[in-house]
Amino acid sequence: MRTTFAIKALLTFFLLGLINLSCDKTDLGAPIEIDDNGIVKSDSSEIESENEVEQETENEGEETSTADGSFTDQCNLIAYPDSLYFFDEDQDLRIEPLQEYEGEYGAIPEGLEIDHNTGEIRINKSESGLRYKVYFVPEDTRDTCFTYLTVSGVDYMSNIYILNEDDSLAVPIYNGSQLIEVPEDDDHEFDDGPDDDDNDGELDEPPSGSEVIPQGVAINKKSGKIRLDRTVNNGVFGSTPLNGSLQKFRIYYRLNDSSRKSLNKIDVQFHYYETLDDVPADLRKQVEDLQEYYSNFRTTGRNLKVMRLLAKPRPPDIIIVGRRRR
């Protein structure tokens, strides 16, 4: 009897040990969630990890979104000869996809002059200073292939600046990257005027009266940086700025880069409000949405419809606020 009891005890102990080992090897993790399309949702740590990988790899033309929102490893259906293009005032620069396929082409954000049937892009007719996500939907499918293309130039990020907190410098970025400022160069020229500075006549010069410095915009002609406090003091919004004032300017410029100082331009909107509370909620939301869009540029391709609604970066809104509170 004692022997039988001992054997039963040993068997019970052994089985419990196996159960514990099995449980130790199984990571149950967070509860599984299913979205409206029947796709298993990843937890936030997995999403962050995926975002980091996508931002680091920057593999051109190798991202494919399928109809259910998932991704395949390769997409070779859309590619262009290069990924960076410069304005050239001496020619109407047009580029075409390396391969011809039937389907629909497009680009996000708005601003790229692209033929939706052929994928041909007219560089000089496009908004410069932006990085575009060019997409292609093959005929008779809902799958979407992506690649990335930049039209060189400068951009000003839509932002809110609070003057009494020493936040008064709008800095242009270069080639659609928030990480790259325009380097100061004695051969750059911001706020170009009709001065025939390249000695080839005035046909490639801005129209007379278009310069913004005489109108009060305090822009550095070599770097493109704008002092917003001086811009207000110079009377851009009048001698006594009115709450909610709006002024629009077109800034012409030439860069000493591979564009060979071709004439370029960017439209900018300047707003003035006395306090942060005076800035309309929809305008603040618009700025926040754009900033979020750019910070997640490579990962927002999962929903083209949402991207089309958010991705309208031109003209940038420079919102000048006198102080945070009354």
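In this report, the structure presented in the accompanying data block is examined. Fair warning: this is a prediction, and the values are worked out from it, not measured in the lab. (Residues numbered from 1 in each chain as written. Predicted model: local features only at pLDDT ≥ 70, side-chain atom pairs only at ≥ 80, totals over all residues. Heavy atoms only, no water.)

So, about the overall build of the chain. Each helix and strand in the chain was counted, giving five helices and 20 strands. Sorting the 326 residues of the chain into buried and exposed places 41% on the buried side. Partitioning the intrachain contacts of the chain with sequence separation of at least 6 by distance along the chain shows that 63% fall at a separation of at least 24. Summed over all atoms, the accessible surface of the chain reaches about 18800 Å², with 48% contributed by carbon and sulfur. (Helix = DSSP H or I, 4+ residues; strand = E, 2+ residues; numbered from the N terminus. Buried < 20%, exposed > 50% of the residue type's maximum accessible area, 1.4 Å probe, protein only. Contact = heavy atoms within 4.5 Å. Areas by Shrake-Rupley, 256 points an atom, 1.4 Å probe, with all protein chains shown as cover.)

Our focus in this paragraph is the pairing of strand β10 (residues 144-151). Counting buried positions along β10 gives eight out of eight residues, so the element sits mostly inside the fold. Here β10 shows two buried faces, one formed by Thr-144, Phe-146, Tyr-148 and Thr-150 and the other by Cys-145, Thr-147, Leu-149 and Val-151. Here two bridges tie strand β5 (residues 84-85) to β10, and the two strands are oriented parallel to one another. Across the sheet, Leu-84 pairs through a bridge with Thr-150, a residue of β10. As paired elements, strand β9 (residues 130-138) and β10 share seven bridges and run antiparallel to each other. Bridged to Tyr-132 within β10 is Leu-149. Linking β9 to β10, which pair antiparallel, is a turn of five residues; within it Asp-140 sits at a positive phi near 65°. (Pairing = 2+ DSSP bridges.)

Turning to a negative patch on the surface, a few remarks are in order. A cluster of acidic residues, Glu-96, Glu-100, Glu-102, Glu-139 and Asp-140, forms a negative patch at the surface. Look at Glu-96 and you get partly exposed, because its relative accessible area is 47%. (Patch = residues over 30% accessible without salt bridge, like charges linked within 9 Å, V, L, I, M, F, W, Y side chains within 5 Å. Salt bridge = Lys/Arg side-chain N within 4 Å of Asp/Glu carboxyl O. Lys, Arg positive; Asp, Glu negative; His and termini not counted. Charge placed at Lys NZ, Arg CZ, Asp CG, Glu CD.)

Before going further, it helps to spend a moment on unusual backbone geometry. Cis peptide bonds are those with omega within 30 degrees of zero, and the linkage from Ile-108 to Pro-109 qualifies with 5°. Its location among the elements puts Pro-109 in the loop between β7 (103-108) and β8 (121-122). Here the residue pair Arg-314 and Pro-315 is connected by a cis peptide bond, since its omega of -5° sits within 30 degrees of zero. Considering the arrangement of structural elements, one finds Pro-315 in the loop between α5 (304-310) and β20 (317-323). Unlike most non-glycine residues, Asp-191 shows phi in positive territory, near 60°. Following the sequence through the fold, Asp-191 ends up in the loop between β16 (189-190) and β17 (226-227). Positioned with a positive phi, Arg-260 is a non-glycine residue whose angle comes to about 55°. Mapped onto the secondary structure, Arg-260 falls in the loop between β18 (245-254) and β19 (264-275).

With that out of the way, let us pick up the packing of aromatic side chains. Per the stated rule, a full pass over the model turns up five aromatic pairs. Note on Tyr-101 and Phe-136: the rings are 6.3 Å apart at their centroids and 45° apart in plane angle, and the pair reads as tilted. Here Tyr-101, found in the loop between β6 (94-95) and β7, pairs with Phe-136, found in strand β9; they are 35 residues apart in sequence, far enough to count as distant. Of the residues examined, Tyr-101 reaches a relative accessible area of 34% and is grouped as partly exposed. (Phe/Tyr/Trp six-rings, centres within 6.5 Å; stacked < 30°, edge-to-face > 60°.)

Pairing is mixed in the open sheet, where five strands are placed in the order β12-β20-β19-β18-β16. Of all strands in the sheet, those with a lone pairing partner are β12 (159-162) and β16, marking the two edges. Note that β18 and β19 share nine bridges and pair antiparallel. Bridged to Phe-249 within β19 is Val-268. Against the sheet, helix α4 (residues 281-295) makes contact with β12, β19 and β20, and its axis sits at roughly 125° relative to β20, the strand it touches most. (Axes fitted to C-alpha atoms, helices over the stretch in contact; angles between N-to-C directions.)

On to the pattern of salt bridges. Inspection of every chain in the model, using the stated rule, returns 16 salt bridges. Glu-165 is paired through a salt bridge with Arg-324; the nearest N and O atoms lie 2.8 Å apart. Within this pair, whereas Glu-165 is found in the loop between β12 and β13 (169-170), its partner Arg-324 is found in the segment after β20, the two being separated by 159 residues in sequence. By relative accessible area, which is 40% here, Glu-165 ends up partly exposed.

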